[in-house]
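For reference, the chains in residue letters:
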Amino acid sequence: MVKLILILGDQLSLDVAALRAADKATDVIVMAEVFSEATYVRHHPKKIAFIFAAMRKFAQSLRGAGWQVLYSQLDDTQNGGSVPAELLRRAEETGAGEVIATRPGEWRLIDALEQAPLKVTLLEDDRFLATHGEFEAWAEGRKALRMEYFYRDMRRKTGLLMEGGKPVGDKWNFDHDNRKAAPDQINYSGPLSFEPDDTTRDVMDLVAASFPDHFGALDGFNFATTREEALRAMAHFITHALPRFGDFQDAMLSENKFLYHAVLSPYLNAGLLGPLEICEAAEQAYRDGHAPINAVEGFIRQIIGWREYVRGIYFLEGPNYTGRNALEHKRDLPALYWGSETKMHCMSKAVAQTRDEAYAHHIQRLMITGNFALLAGIDPVQVHEWYLEVYIDAFEWVEAPNTIGMSQFADGGIIASKPYVSSGAYINRMSNYCKSCHYSVKDKTGEAACPFNVLYWDFLMRHKERFSGNPRMGNMYRTWERMDEGHRDTVLSDASALLQRLDAGEVI
Ligand SMILES: Cc1cc2nc3c(=O)[nH]c(=O)nc-3n(C[C@H](O)[C@H](O)[C@H](O)COP(=O)(O)OP(=O)(O)OC[C@H]3O[C@@H](n4cnc5c(N)ncnc54)[C@H](O)[C@@H]3O)c2cc1C
Ligand code: SF4
C-alpha cells in the first residue's frame, strides 16, 4: 500500500530517516507550506522565505532523483493550512494508509502528528550525534548536567580533535583564549551571500503579500537555499573566518554584524548541512595548519557540545519546559524589542540588526537582549517567543533551551550554573557600543547612568535569597556589601524609577 513520506521544512536532508525508510517505487513524498507553521508565532519574513525557498528547491531535487513529490504551496487554493490537514488531504488523494515521518524538533508538532486521524509512524531524527537514549543515559544519576562533560563524551565518540585517546593540545577546552575584546579592524567581509533566483524571488513575493505585519525586513535576502550553496558558505567560512573565530568569539562591534561568526546555523538546522561534515572541515583546517586550535576547538565545541546538549535537554525536560519561570518574572516584553526607540545603543543595534538580518550572534543574543530581559524581570515565555520569532535559525529544540535555560535562568539552573547577567562594564569591555551611547557606562547612578548598571544590582538584590549562596556569585554580593549604604539606596531607587518608566512606555 502507498505510504506518505512527510518531509518538514527543517528536514531538508537526503539522509533524513523518513526518506531512508521510503520506497521510491511506491511511496509519495509530502511537503507543504502551511499557514499554521508560519504563524503559530509570527516568524521573521526572512525566515519564512528561507524555509519555503529551500523546501521548493529540495522538492525539485527529489523529483530530479526520481521521487514522486506532492508539494503544496502556501497559496494553493486546496491548501488545508496545517501539516495534519495536508496529510489528510494527500491521504485521500492517493489512498495512502500510513504516514512515515521523521520526529519533529518541537513538542507542539509531535503532538499534532500523534493526534492526527491517520496512522503516523515517527522515526528518530538521527541527523544528530547523540540519540535521545544516549543523552538520557548520560544524564541519569548526575547531580548537575554540565555541558562540558557531555562535550568530552562527544569528542571521544566522534574522535574529533583526539589523538591516542587524548584531546589534541592536551586540553579539552581552549575557551580561555577566546575572550578577546573587540578588534579595531575586521579583515573579513562576512558570510557568503547569494543573489535570489526566480524561485526565491517568487517565494519572497508570496511572503511579502501573506505576512505583511510580521516583524523584520525581507529586503536584502541573501541566504543560501540549497545544499550546494550551503556547502559553499561553509567553505567560505572555513577559509576566511575560522582562523580568527576563536579570538573574537565574544566581541561585538557597532559597525559589524557578523565579525568572524559562521552564520551556518540556518543551514545546519534546516538540514542543508550536517554537524559532522562541518566539524570535520574545521578539524581539517587545524590539521593543515590553516586555523589555530583555540578557534577550531571552540567552533567544534559549539556544534558537538552546545548544539547537541541543548537538544538533549529539550527532549529530556519535556513539553512543559517552555513554560518554566523559576524566577517568577512577570514584566511584559517592552516595545523596544520590536524596534521602538531606545537610548541604549547596544539594545538599539542588536534589535535593528535582528530586524534587518534575522540574525544576531551569540553574545548579542545572550549578553545584550537576553541580559536586559533577565535584569528587567521580563516574562521568560514572552522572551522565548520573541527569540523563536525573530531568528532565522530558531527551531524550538535549540531556541528554547538557549532562551529559557541559558539566557533567562527560567529552568532554575538546569543549563546554567549561574545567571548570565552583567552590568555595562562587560558590554563596554567586549564592544564599542558604549562609545556612541546616550548613557554613560562609567556612571553608576543618576539620569545618565547605563541602565545595565543599576538593573544589575537590582536583579541581584531581588534574587538574593536564591543566589547569594551560589559559590560562583559570592563575590558579587560581597562587592555590594562593601558599597556605601547611601549609594546602595540610590542604585535601587534609580533602578525602580527606570523600571517604572519602562512600564509606562517611556523611551529609556
Ligand atoms: C537567547 C538565545 C537564543 C538562541 N537561539 C538559537 C536558535 O534559535 N537557534 C540556534 O541555532 N542557535 C540559537 N542560539 C545559539 C547561538 O546564538 C546561535 O547558534 C549562533 O548565534 C548562530 O550563529 P552562527 O552560525 O554565526 O554561530 P557561530 O558562533 O559561528 O557558531 C557555530 C555554530 O555553533 C552552533 N552553536 C553555537 N552556539 C550554540 C548554542 N548555544 N546552542 C546551539 N548551537 C550553538 C550553531 O549551530 C552555530 O552555527 C541562541 C542563543 C541564545 C543566547
Ligand atoms: S552605556 Fe550601557 S546602554 Fe549604553 S551601550 Fe553601553 S552598556 Fe549599552
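Just above sits the structure.
A brief look at the structure comes next. Remember, predicted model here, so these are calculated numbers, not experimental data.

A few points about the pairing of strand S1 (residues 3-6)
So, point 1. Direction of pairing for S1 relative to strand S4 (residues 98-102): parallel, over a ladder of four bridges. Bridging across to S4, Leu 4 finds its partner in Val 99.

Describing the packing of aromatic side chains
How two aromatic rings sit relative to each other is set out by the distance from centre to centre and by the angle between their planes.
So, point 1. Counted according to the given criterion, the structure contains 31 aromatic pairs.
So, point 2. Ring centres 6.1 Å apart and planes at 15° place the aromatic pair Tyr 188 and Tyr 260 in the stacked group. With Tyr 188 in the loop between strand S7 (166-167) and helix H8 (198-210) and Tyr 260 in the loop between helix H10 (242-245) and helix H11 (265-270), this pair connects stretches of sequence that are 72 residues apart.
So, point 3. The class for Tyr 260 is buried, based on a relative accessible area of 1%.
So, point 4. Plain terms: the ring middles of Tyr 456 and Trp 457 are 4.9 Å apart, the flat faces sit at 70° to each other, and that makes the pair edge-to-face.

Focus: empty space enclosed by the protein
So, point 1. In the structure shown here, the tally under the stated rule is five cavities of 30 Å³ or more.
So, point 2. Lining the largest cavity we find 25 residues, and of these Gly 9, Asp 10, Glu 37, Ile 51 and Phe 395 sit closest to its centre.
So, point 3. The biggest single contributor to the lining of the largest cavity is helix H3 (residues 45-64), with five residues.
So, point 4. Considered class by class, the residues forming the lining of the largest cavity number 15 nonpolar, three polar and seven charged.
So, point 5. Contributing to the lining of the second largest cavity are 14 residues, with Cys 346, Cys 434, Cys 437, Cys 450 and Phe 452 lying nearest its centre.
So, point 6. Mapped by element, the contributors of at least two residues to the lining of the second largest cavity are helix H14 (345-357), helix H18 (424-430) and helix H19 (451-462).

Topic: the site of ligand 2
So, point 1. Taken together, Met 344, Cys 346, Gly 424, Ile 427, Tyr 433, Cys 434, Cys 437, Tyr 439, Val 441 and Cys 450 make up the full set of residues adjacent to ligand 2.
So, point 2. Applying the majority rule of atoms within 2 Å of the grid points places ligand 2 in the second largest cavity.
So, point 3. For the shell around ligand 2, the class distribution of residues is nine nonpolar, one polar and no charged.

So, the nonpolar core
So, point 1. The biggest cluster of nonpolar side chains holds 168 residues, and the ones touching the most others in it are Met 31, Leu 242, Leu 264, Tyr 267, Phe 299, Tyr 309 and Phe 372.
So, point 2. It is helix H13 (residues 293-317) that provides the largest number of residues to this core, a total of twelve residues.
So, point 3. Setting aside its immediate chain neighbours within four residues, Tyr 309 contacts Phe 135, Trp 138, Leu 145, Arg 146, Met 147, Phe 150, Ile 414 and Ile 415.
So, point 4. Residues Ala 32, Ala 96, Val 99 and Leu 113 belong to the second largest nonpolar core, which totals 16 residues.

Thoughts on the sheet that holds S4
So, point 1. Taken in spatial order, the five strands line up as S3-S2-S1-S4-S5 in an open sheet, and their pairing is parallel. Each having just a single partner strand, strand S3 (68-72) and strand S5 (120-123) make up the two edges of the open sheet. Recorded for the sheet is a direction-independent mean angle of 25° between the axes of neighbouring strands.
So, point 2. Sheet analysis places strand S2 (residues 28-32) next to S3, joined by five bridges and oriented parallel. In the sheet register, Val 28 faces S3, and the bridge partner there is Gln 68.
So, point 3. Each of S1, S2, S3 and S4 is contacted by helix H4 (residues 83-94), which is oriented at about 135° to S3, the strand it contacts most.
So, point 4. Contacts from helix H5 (residues 107-115) reach S1, S4 and S5 within the one sheet, and its direction differs from that of S5 by about 145°.

Points about the site of ligand 1
So, point 1. Taken together, 28 residues form the shell around ligand 1, and within it His 261, Ala 262, Val 263, Asn 269 and Tyr 359 come nearest.
So, point 2. Within the backbone of Ala 262, one N or O atom sits 2.8 Å away from an oxygen atom of ligand 1.
So, point 3. Measuring from an oxygen atom of ligand 1, one finds a backbone N or O atom of Ser 265 at 3.2 Å.
So, point 4. Across the complex, the protein chains shield 99% of the 810 Å² of accessible surface that ligand 1 would expose by itself.
So, point 5. Mapped onto the shell around ligand 1, the elements with two or more residues apiece are H11, H13, helix H15 (362-375) and helix H17 (396-407).
So, point 6. It is H17 that provides the largest number of residues to the shell around ligand 1, a total of six residues.
So, point 7. Residue composition of the shell around ligand 1, grouped by class: 15 nonpolar, nine polar and four charged.

Some remarks on the pairing of S5
So, point 1. As paired strands, S4 and S5 are joined by four bridges and run parallel to one another. Paired with Ala 101 across the two strands is Leu 122, which belongs to S5.
So, point 2. Between the parallel pair S4 and S5, the chain is carried across by H5, and the sense of this crossover is right-handed.

A look at the pattern of salt bridges
So, point 1. Taken as a whole and judged by the stated rule, the model has 33 salt bridges.
So, point 2. With a shortest N-O distance of 3.2 Å, Asp 356 and Arg 355 are connected by a salt bridge.
So, point 3. Classification of Arg 355 by relative accessible area gives partly exposed; the value is 32%.
So, point 4. When the shortest N-O distance is used, the salt bridge between Arg 488 and Glu 481 registers 3.5 Å.
So, point 5. Arg 488 gets classed as buried once you look at its relative accessible area, which sits at 15%.
So, point 6. Residues joined in a network through salt bridges with shared partners are Glu 86, Arg 89, Arg 90 and Glu 93.

Conventions used here
- Residues numbered from 1 in each chain as written.
- Chains lettered and ligands numbered in written order.
- Predicted model: local features only at pLDDT ≥ 70, side-chain atom pairs only at ≥ 80, totals over all residues.
- Heavy atoms only, no water.
- Pairing = 2+ DSSP bridges.
- Helix = DSSP H or I, 4+ residues; strand = E, 2+ residues; numbered from the N terminus.
- Phe/Tyr/Trp six-rings, centres within 6.5 Å; stacked < 30°, edge-to-face > 60°.
- Buried < 20%, exposed > 50% of the residue type's maximum accessible area, 1.4 Å probe, protein only.
- 1 Å grid on protein atoms, 1.4 Å probe; cavity = no way out; pocket = protein on both sides within 12 Å on 5 of 7 lines; lining within 4 Å.
- Points joined across faces, edges and corners; volume = space filled by probe spheres on them.
- Nonpolar A, V, L, I, M, F, W, Y, C, P; charged D, E, K, R; others polar.
- Near = heavy atom within 4 Å.
- Sits in = over half its atoms within 2 Å of the grid points.
- Core = buried A, V, L, I, M, F, W, Y, C linked by side-chain atoms within 4.5 Å.
- Contact = heavy atoms within 4.5 Å.
- Axes fitted to C-alpha atoms, helices over the stretch in contact; angles between N-to-C directions.
- Polar contact = N/O pair within 3.5 Å; in protein donor to acceptor, adjacent residues only side chain to side chain.
- Areas by Shrake-Rupley, 256 points an atom, 1.4 Å probe, with all protein chains shown as cover.
- Right-handed = clockwise from strand over helix to strand, strands pointing away.
- Salt bridge = Lys/Arg side-chain N within 4 Å of Asp/Glu carboxyl O.

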